[in-house]
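Report on the structure
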Amino acid sequence: KDHVAYFETLKDRVSNLYTVPNKSGHQGADPDILAADARALGMKASSCESFQAALKAAAAQRPDQILIAGSLYVAGDVLARNEEWPD
């Protein structure tokens, strides 16, 4: 996947980007490499050890919204842990 092109579409829309590993058992890009790719585009980006850590870091910035994007495995894990299901 072209992560740089993906981040390019987000760079003017997000103030901070937090990368996380995919759910255990699912392949995914290294969060450190993803964050470095985003920083190369001039984004504020940090890699986190889990989505819980990323959510805590994002919430500390007191944003109006938090966007969870990328892997459907990560999004599904977030929804399951938050006990929210799409209609």
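Residues numbered from 1 in each chain as written. Predicted model: local features only at pLDDT ≥ 70, side-chain atom pairs only at ≥ 80, totals over all residues. Heavy atoms only, no water.

1. Examining the overall build of the chain
For clarity, the threshold we go by: Numbered from the N terminus, helices here are DSSP runs of H or I no shorter than four residues, and strands are runs of E no shorter than two. Radius of gyration: C-alpha atoms only; globule rule: 2.2 Å multiplied by the number of residues to the exponent 0.38. A simple rule labels every residue: compare its accessible area, found with a 1.4 Å probe on the protein chains alone, to the largest value its type can have, and call it buried under 20%, exposed over 50%, or partly exposed in between. Should any heavy atoms of two residues lie within 4.5 Å, those residues are considered in contact. Each accessible area is a Shrake-Rupley estimate made with a 1.4 Å probe; only the visible protein chains count as cover when residues are assessed.
Counting its regular elements, the chain contains four helices and two strands. For the chain, the succession of helices and strands along the chain, N to C, is α-β-α-β-α-α. A compact globule built from 87 residues should have a C-alpha radius of gyration of about 12 Å, and the chain, at 13 Å, falls within 12% of that. Viewed in the frame of its principal axes, the chain has a C-alpha envelope of about 35 × 30 × 25 Å. Taking all 87 residues of the chain together, 22% fall into the buried category. Contacts in the chain between residues far apart in sequence, at least 24 positions, make up 67% of those at least 6 positions apart. Total accessible area on the chain is roughly 6,500 Å²; 49% of this is exposed by carbon and sulfur atoms.

2. With respect to a nonpolar patch on the surface
We count it as follows: A residue counts toward a patch only above 30% relative accessible area and without a salt bridge, and it is joined to like-charged neighbours within 9 Å or, for Val, Leu, Ile, Met, Phe, Trp and Tyr, to nonpolar neighbours within 5 Å. The salt bridge definition used is simple: a Lys or Arg side-chain nitrogen within 4 Å of an Asp or Glu carboxyl oxygen.
Residues L55, I66 and I68 make up a contiguous nonpolar surface patch of about 240 Å² in total accessible area. With respect to the helices and strands, the residue I68 is situated in the loop between α3 (51-60) and α4 (72-81).

3. Quick notes on the layout of surface pockets
Selection criterion: A 1.4 Å probe that fits but cannot get out identifies a cavity on a 1 Å grid over protein atoms alone, an open set with protein on both sides within 12 Å along at least five of seven lines counts as a pocket, and a residue lines either if it has an atom within 4 Å of a point. Grid points are joined across faces, edges and corners, and a volume is the space filled by probe spheres set on the points. The classification used treats Ala, Val, Leu, Ile, Met, Phe, Trp, Tyr, Cys and Pro as nonpolar, Asp, Glu, Lys and Arg as charged, and all other residues, Gly among them, as polar.
Within this model, the largest pocket holds a volume of roughly 1,100 Å³. Considering the residues around the largest pocket, the lining is formed by 36 residues, among which L17, Y18, I68, A69 and G70 are closest to the centre. Elements supplying a minimum of two residues to the lining of the largest pocket: α1 (3-10), β1 (17-19), α3 and α4. Considered class by class, the residues forming the lining of the largest pocket number 22 nonpolar, eleven polar and three charged.

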